[in-house]
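Remarks on the overall topology
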Amino acid sequence: MEKKPFWSGPKKPINSGPRPQRNDRFARSGKKDKDSHAINEQITAREVRLVGDNVDEGVYSIAQAMRIADDQGLDLIEIAPTANPPVCRVMDYQKFQYQQRKRLKEQKAKANKVVVKEIRFGPQTDDHDYEFKLKHAIGFLKEGAKVKSYVFFKGRSILFKEQGEVLLLRFANDLEEYGKVDQMPVLEGKRMTIMISPKKPGAAKKKDAPAQSAPESED
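I will try to describe carefully the structure that is included in this document. Just so you know, these numbers come straight off a predicted model, no measurement behind them.

**Regarding the pairing of strand 8 (residues 191-198)**
Most of strand 8 is tucked away: seven of the eight residues are buried. The pairing of strand 6 (residues 146-152) with strand 8 spans six bridges and is classified as antiparallel. Bridge pairing in strand 8 places phenylalanine 152 opposite arginine 191. Judged from the seven bridges that link them, strand 7 (residues 179-188) and strand 8 form a sheet pairing that is antiparallel. The residue bridging valine 181 from the neighbouring strand is isoleucine 196, located in strand 8.

Structure representation (structure tokens):
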């Protein structure tokens, strides 16, 4: 059986075509993703307003704006497309996306964070102290915080638990315009607690407006 000659030369290259282009700012000028900003060649306006720390703010033609971004090795990002003319920023697009995601994450965390403010009463709180704490509770609810109010019974004052319950119910009633009761007064150890959440904007109880009488028709 005849043996084939052994080939020790270089192997045939798998792909001898041109190398793919680097994913630089000129390669990112295709179709933009949903909810993203138009950048570079995606911007269709003839002139734009440039803003930022690294440019002289003002209105430029799109060609001038692209040249300014190109000279700095950065991207031209359309941040306000509905303005006249559209507003653009010169910066690295990946850095811009990172800042946008970070800002959105912080906003979500802030929106989901529940702030609870505590207000303490005694079973025999006087009217002056009550009004002072009521004013603070109204401010907390307007700011979007929950209010956890409780009556603390010290020693033999637990005998006045009915009086403490009446106080908390009065407190909830006085805050009806600004908040809603999540939990009715509950006695836990030496504390009787009530929880009140802020009402959504526009859901506050409106005062009854005087009814307008219909105009009388002339005979």
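There's more to say after this.
**A word on the pattern of salt bridges**
Applying the stated criterion across every chain, the model contains four salt bridges. Two residues, lysine 146 and aspartate 182, come together in a salt bridge whose shortest N-O distance is 3.7 Å. Taken together, the positions of lysine 146 in strand 6 and aspartate 182 in strand 7 put the pair 36 residues apart, joining distant regions of the chain. Between arginine 170 and aspartate 174 there is a salt bridge, with its nearest N and O atoms 3.9 Å apart. Residue arginine 170 and its partner aspartate 174 are both found in helix 4 (residues 161-174); the two are separated by four residues, about one turn of the helix. Classification of arginine 170 as partly exposed rests on a relative accessible area of 35%. Members of the salt-bridge network, linked through shared partners, are Asp127, Arg170 and Asp174.

**Considerations on helix 3 (residues 127-142)**
Here helix 3 is 16 residues long and its end C-alpha atoms lie 23 Å apart, about the 22 Å a rise of 1.5 Å per residue gives. Among the residues of helix 3, those classed as buried are Tyr130, Lys133, Leu134, Ala137, Ile138, Phe140 and Leu141. Down the axis of helix 3, the sector holding all buried residues measures 160°, keeping them to one side. In helix 3, the exposed positions angled more than 90 degrees off the buried face are occupied by His128, Lys135 and Lys142. Buried residues along helix 3 sit in contact with strand 5 (116-121), strand 6, helix 4, strand 7 and strand 8. Put simply, aspartate 126 is the residue that caps the front of helix 3, since its side-chain oxygen is 3.3 Å from the backbone nitrogen of histidine 128. Note on helix 3: the residue one or two positions beyond its end, glycine 144, has a positive phi of about 95°.

Calculation criteria
- Residues numbered from 1 in each chain as written.
- Predicted model: local features only at pLDDT ≥ 70, side-chain atom pairs only at ≥ 80, totals over all residues.
- Heavy atoms only, no water.
- Buried < 20%, exposed > 50% of the residue type's maximum accessible area, 1.4 Å probe, protein only.
- Helix = DSSP H or I, 4+ residues; strand = E, 2+ residues; numbered from the N terminus.
- Pairing = 2+ DSSP bridges.
- Salt bridge = Lys/Arg side-chain N within 4 Å of Asp/Glu carboxyl O.
- Expected span 1.5 Å × (residues − 1).
- Arc of directions from axis to C-beta.
- Contact = heavy atoms within 4.5 Å.
- Polar contact = N/O pair within 3.5 Å; in protein donor to acceptor, adjacent residues only side chain to side chain.

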